[in-house]
Each structure stands twice: as structure tokens, then as C-alpha cells.
Amino acid sequence: MTVYDDLVGQGPVIEQLQAAAAAGAKALAGEGGGGMTHAWLFTGPPGSGRSTAARAFAAALLCPDQGCGHCASCHQVLSGTHADVEVVRPAGLSYGVRETRELVLRAASSPTGGRWRIVLFEDADRSTEQAANALLKAIEEPPTRTVWLLCAPSPDDLVVTIRSRCRLVTLRTPPAHAVADVLVRRDGIDPDVAAAAARAAQGHVGRAKRLATDEQARQRRADVLGVPARLSGVGPAVVAAESLVKAAEAEAKELGVEKDAEETAALRQALGESAKGRMPRGTAGALKELEDRQKSRTTRMKRDALDRALLDLASYYRDLLVVQLGAGVELVNVDRGRELRSVGGTPEATLHRLEAIMECRERLEANVNPLLAVEAMAMALRTG
Ligand SMILES: [Zn+2]
């Protein structure tokens with residue numbers, strides 16, 4: 001095994017990172033060569049494994065064997081406990097300038113293990129503009145032992161000044177068969193179930209696993225795919241839109257509530273909660289700050305859940321287009337083949353519907369009220 005085992009369908013990326021880790025080891029040994037690149041940008045569609053790749057690379061840089069996957073250092077990095085790796089995961093919609101400045105200071109300290117000090121910045125695209133400027137300064141003049149690993153959906157999501165100083169690592173959407181393979185091999189999932197889930201998840205490894213193992217997730221997806229058949233009039237379209245938004249909210253709540261409660265309990269304890277549940281003086285601010293962060297995270301999770309639903313819906317019309325054009329391409333929703341063949345309509349109308357979904361996604365990203373955006377989409381889906 002190696003640190004790259006969890007990367008699915010990313011052969012070229014693994015080769016690139018192995019070569020880079022070897023160059024890093026040379027630089028440490030004073031053998032020079034090309035030296036070490038201090039800023040990396042991992043990009044790829046959601047679920048392709050951006051942060052998994054960045055974490056594996058961090059492990060490889062700190063491992064005496066360049067990423068064996070089983071030494072103490074590799075274990076620590078992969079489990080998130082290595083002292084020289086700081087993982088930044090913006091909880092809310094954005095990462096602020098004050099947090100970034102503090103991070104830059106911490107990143108400049110010497111590595112305890114003598115190799116590298118690594119900052120793994122997930123969702124770096126959520127930095128505010130000021131935060132990005134603070135980050136830029138750190139990347140322009142990096143301390144000799146500091147390595148920044150930034151993750152973002154695409155290079156365009158970062159300001160050009162940062163992007164141009166990073167070496168790019170580009171992950172692709174893993175093919176369905178590679179995703180299915182890993183579900184079978186790593187998670188012991190039945191091959192047929194794994195294959196269907198991998199196709200439905202369209203290259204999103206984590207989502208494929210959830211669809212394969214979580215009945216509720218499967219049901220929610222089936223509800224979304226049932227929307228087109230329910231758009232028989234204006235009234236039903238409004239109802240369908242509302243149910244899409246509600247389902248996304250319920251999903252986000254389900255995923256978030258448990259986390260919120262755990263965090264709050266941990267913080268109350270750390271701040272010195274009494275046996276009777278009373279908090280010491282002066283702790284209200286810290287609790288309020290946590291509450292704000294959790295609210296912001298819930299908003300993000302709702303938006304992500306709704307976006308996933310819209311992508312599922314798009315997969316339905318994509319399949320319909322495949323059927324209408326007689327393209328010999330495999331359907332994402334194989335189990336709906338018969339239904340799709342009976343729908344009828346023109347490819348032009350289907351393309352308009354796909355455009356309506358993509359426009360809705362853009363509007364949501366631009367903070368338009370979700371219900372309004374989804375209702376407008378439902379109306380466009382109805383008429384085509
Ligand atoms: Zn190792």
C-alpha cells in the first residue's frame with residue numbers, strides 16, 4: 001500500500017506527485033535539482049478527491065520513504081494528527097482576513113519533524129478578497145520549509161495572482177468503473193450495488209458510497225428524479241420546487257445538527273461549564289462566535305445539498321437527450337431507461353431544460369433566494 005491508495009482513477013496525478021515528492025526529498029538532502037515548489041493548487045470537480053490528493057502528497061513529503069502509507073508519519077498525516085500539517089477547512093461561506101493572517105504566522109514556524117511545515121487549505125476559493133491578499137504575501141515569499149497546498153474546484157476560482165504562483169495538480173472526474181471498484185475493494189460493497197451507485201454519483205466518490213449504503217440518500221435521489229413527471233401544471237411545478245428546496249434543507253440539517261451539538265458540548269466543557277450547566281462569566285462571546293460559524297456552515301450545506309439535487313435532475317435530462325438523439329452512450333440512470341424512452345419531446349426542448357437547471361445553479365451560487373430560483377427553474381422545465 002501507499003499514501004495514494006484512496007485516489008480513484010487519478011494515475012497521472014499520482015505520477016506527478018510521486019515525482020514531486022522525490023524532488024522534495026532531494027531538496028531536503030541538499031542535492032538541489034529543481035528545488036521545492038512551495039505552493040500547489042489541487043483542482044478537480046467535487047468528489048474527485050482534491051483534498052485526498054493533497055493529504056496524500058503531504059504524507060509523501062513528510063515520509064522518510066516518500067509516502068509508504070504505513071510508517072508513523074504517514075499514519076499521522078492521513079489521520080490528521082501530524083504536528084507539521086495544518087488542515088484548514090473553512091466552516092462557513094468564507095474565510096476571513098484575520099484567520100488568514102494568523103494562519104500565515106503559524107505556517108512560518110519551523111517544522112518539528114525537520115522536514116516540511118505544510119498547510120493544507122481546503123476550499124481555498126472561499127477566502128475573502130482581503131484574505132486572499134494576506135495569503136498571496138505568504139506565497140510570494142515562502143519560508144524555506146513551508147509548503148502550501150490549496151484546493152479549489154478550478155484554477156479560475158482563485159485570484160490570478162495566487163494561481164500564477166502555484167503549481168497545478170489537476171484531478172479529473174474518475175470513471176464510474178474505477179469508483180465502483182474502490183467501493184467493492186475498500187468498503188466491501190456488493191458489485192452490482194456499487195456499479196449502480198457509481199454511475200448515479202457521476203464520479204463523486206463520497207456520494208457513491210452514501211448512495212450504496214444509505215437508503216435515505218437513495219430515496220431522496222429517487223424523489224428528485226421523479227420531479228419531471230410531476231410538472232403537469234403551474235401548481236404542481238410550484239409544489240415540486242418547494243419539495244426540492246425542503247428536501248435539501250432536511251438533508252443539510254440531518255448532516256449538520258449532530259456536528260453542531262457535539263461542537264457546542266465540547267466548547268462548553270472547554271470553557272468550564274459547571275455541573276449544573278452554568279457557564280462562567282465572559283464565555284458568551286466564544287459561544288456566540290461558534291453559533292455564527294455553525295449557522296454559516298448550515299447555509300453552505302443547504303446550498304451544496306440543493307446543488308447535488310439539481311445535478312441529479314440534470315442527469316435525468318442528459319439521459320433523455322441521449323435517448324432522443326439515439327446516441328449509443330450509457331445512461332446515468334439505467335433503471336429509468338424505459339420511462340425515458342416513453343417521454344417523447346424534442347432534443348431542443350430538452351436542451352432548454354438543461355440550460356434552465358444550469359442557470360438555476362448559477363443563480364443559487366449568486367445568493368438568489370433558493371425557493372425563487374428553483375420555482376423559476378420548475379416553470380422553465382414545465383414548458384421546455
Ligand atoms: Zn511513510
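Let me sum up the structure you'll find in this document.

Conventions adopted
Residues numbered from 1 in each chain as written. Predicted model: local features only at pLDDT ≥ 70, side-chain atom pairs only at ≥ 80, totals over all residues. Heavy atoms only, no water. Helix = DSSP H or I, 4+ residues; strand = E, 2+ residues; numbered from the N terminus. Rg over C-alpha atoms; globule rule 2.2 N^0.38 Å. Buried < 20%, exposed > 50% of the residue type's maximum accessible area, 1.4 Å probe, protein only. Contact = heavy atoms within 4.5 Å. Areas by Shrake-Rupley, 256 points an atom, 1.4 Å probe, with all protein chains shown as cover. Lys, Arg positive; Asp, Glu negative; His and termini not counted. Charge placed at Lys NZ, Arg CZ, Asp CG, Glu CD. Phe/Tyr/Trp six-rings, centres within 6.5 Å; stacked < 30°, edge-to-face > 60°. Lys NZ or Arg CZ within 6 Å of the ring centre and 35° of its normal. Polar contact = N/O pair within 3.5 Å; in protein donor to acceptor, adjacent residues only side chain to side chain. Donors = N, O, S within 2.8 Å, 3.2 Å for Na, K, Ca; no water. Tetrahedral: all angles 85-135°; square planar, octahedral: opposite > 155°, others 65-115°. Pairing = 2+ DSSP bridges. Axes fitted to C-alpha atoms, helices over the stretch in contact; angles between N-to-C directions. Expected span 1.5 Å × (residues − 1). Salt bridge = Lys/Arg side-chain N within 4 Å of Asp/Glu carboxyl O. Core = buried A, V, L, I, M, F, W, Y, C linked by side-chain atoms within 4.5 Å.

Moving on, we come to the overall build of the protein chain. Check the secondary structure of the protein chain and you find 15 helices and 5 strands. At 23 Å, the protein chain has a C-alpha radius of gyration in line with the 21 Å of a compact globule built from 384 residues. With the C-alpha coordinates of the protein chain rotated into their principal frame, the extents come out at 65 × 55 × 40 Å. Out of the 384 residues in the protein chain, the part that is buried amounts to 43%. Summarising the internal contacts of the protein chain: among those between residues at least 6 apart in sequence, 71% fall at separations of at least 24. Only carbon and sulfur atoms are counted for the fraction: they give 52% of the accessible area of the protein chain, which is about 19,100 Å². Positive and negative charge centroids in the protein chain, built from 49 and 49 side chains respectively, lie 3 Å apart.

Within the element layout of this structure, R185 appears in helix 7 (residues 176–187). Each C-alpha atom of the pair R185 and H38 lies 35 Å from the other, and the pair is 147 residues apart in sequence.

With that settled, the discussion passes to the packing of aromatic side chains. The tally for this structure, following the rule as stated, stands at 3 aromatic pairs. Arranged with centres 5.3 Å apart and planes meeting at 80°, the rings of Y316 and Y317 form a pair that is edge-to-face. For the pair Y316 and Y317, a shared accessibility class is recorded, and that class is buried. By way of ring pairs, the aromatic residues W40, F42 and F57 are connected into one cluster. Lying across the ring of W116, R145 places its NZ or CZ 6.0 Å from the centre.

Let us look at the environment of A198. Looking at where A198 falls in the secondary structure, it is placed in helix 8 (residues 191–201). Note: C-alpha distance between A198 and V182 (16 residues apart in sequence) is 9.8 Å. Apart from residues no more than four positions distant in its own chain, A198 is found in contact with A176, V179, A180, G203 and A208.

Our focus in this paragraph is the environment of S109. Relative to the elements of secondary structure, S109 occurs in the loop between helix 4 (97–107) and strand 3 (117–121). Classification of S109 as partly exposed rests on a relative accessible area of 34%. In sequence terms S109 and D84 are 25 residues apart; their C-alpha atoms lie 9.5 Å from each other. At a separation of 2.8 Å, a polar atom in the side chain of S109 contacts the main-chain carbonyl oxygen of R106. Within the local environment of S109, its side chain forms a polar contact with the side chain of R117, the two groups lying 3.1 Å apart.

The subject of this paragraph is unusual backbone geometry. Located in the positive-phi region is Q66, a residue other than glycine, with phi close to 60°. Relative to the helices and strands, Q66 resides in the loop between helix 2 (50–62) and helix 3 (72–79). Judged by its relative accessible area of 32%, Q66 is partly exposed. Phi is positive for D123, which is not a glycine, with a value near 50°. Judged by its relative accessible area of 18%, D123 is buried.

What follows is about the coordination of the zinc ion. Bound to the zinc ion on the protein side are C63 (SG), C68 (SG), C71 (SG) and C74 (SG), at distances that span 2.3 Å. For the zinc ion, the 4 donor atoms are set out with angles of 105 to 116° between them, so the coordination reads as tetrahedral.

Let us look at the sheet that holds strand 1 (residues 39–43). Spatial strand order, 2-3-4-1-5: 5 strands in an open sheet with parallel pairing. Only two strands of the sheet have a single neighbouring strand rather than two, namely strand 2 (85–88) and strand 5 (167–170). The sheet shows a mean angle of 15° between the axes of neighbouring strands, direction not considered.

Our focus in this paragraph is helix 12 (residues 284–325). Between the first and last C-alpha of helix 12 there are 61 Å, a value that for 42 residues agrees with the 62 Å anticipated at 1.5 Å per step. Positive phi appears at G326, one or two residues downstream of helix 12, with a value of about 65°.

Enumeration over the complete set of coordinates arrives at 26 salt bridges. Linking R106 and E86 is a salt bridge whose minimum nitrogen-to-oxygen distance equals 2.5 Å. With R106 in helix 4 and E86 in strand 2, this pair connects stretches of sequence that are 20 residues apart. For R106, a relative accessible area of 36% corresponds to the partly exposed category. The exposure class assigned to E86 is buried, which follows from its relative accessible area of 17%. The salt bridge involving E122 is made with R89; its shortest N-O contact spans 3.0 Å. With a gap of 33 residues between them, E122 in the loop between strand 3 and helix 5 (129–140) and R89 in the loop between strand 2 and helix 4 connect regions that are remote in the sequence. Taking relative accessible area as the criterion, R89 reaches 52% and is therefore assigned exposed. Each of D6, R186, D187 and K209 takes part in a single network of salt bridges with overlapping partners.

Turning next to the nonpolar core. Grouped together as the largest cluster of nonpolar side chains are 34 residues, with contacts concentrated most on W40, F42, F57, I118 and L149. Those elements that provide at least two residues to this core are helix 1 (11–28), strand 1, helix 2, helix 3, strand 3 and strand 4 (146–152). In terms of residues, this core owes the most to one element, helix 2, which gives 9 residues. When neighbours within four sequence positions are excluded, W40 is seen to be in contact with Q16, A20, F57, V147, W148, L149, L150, C166, R167 and V169. Counting residues in each nonpolar core, the second largest holds 33 residues, with V227, A241, L313 and V374 among its members.

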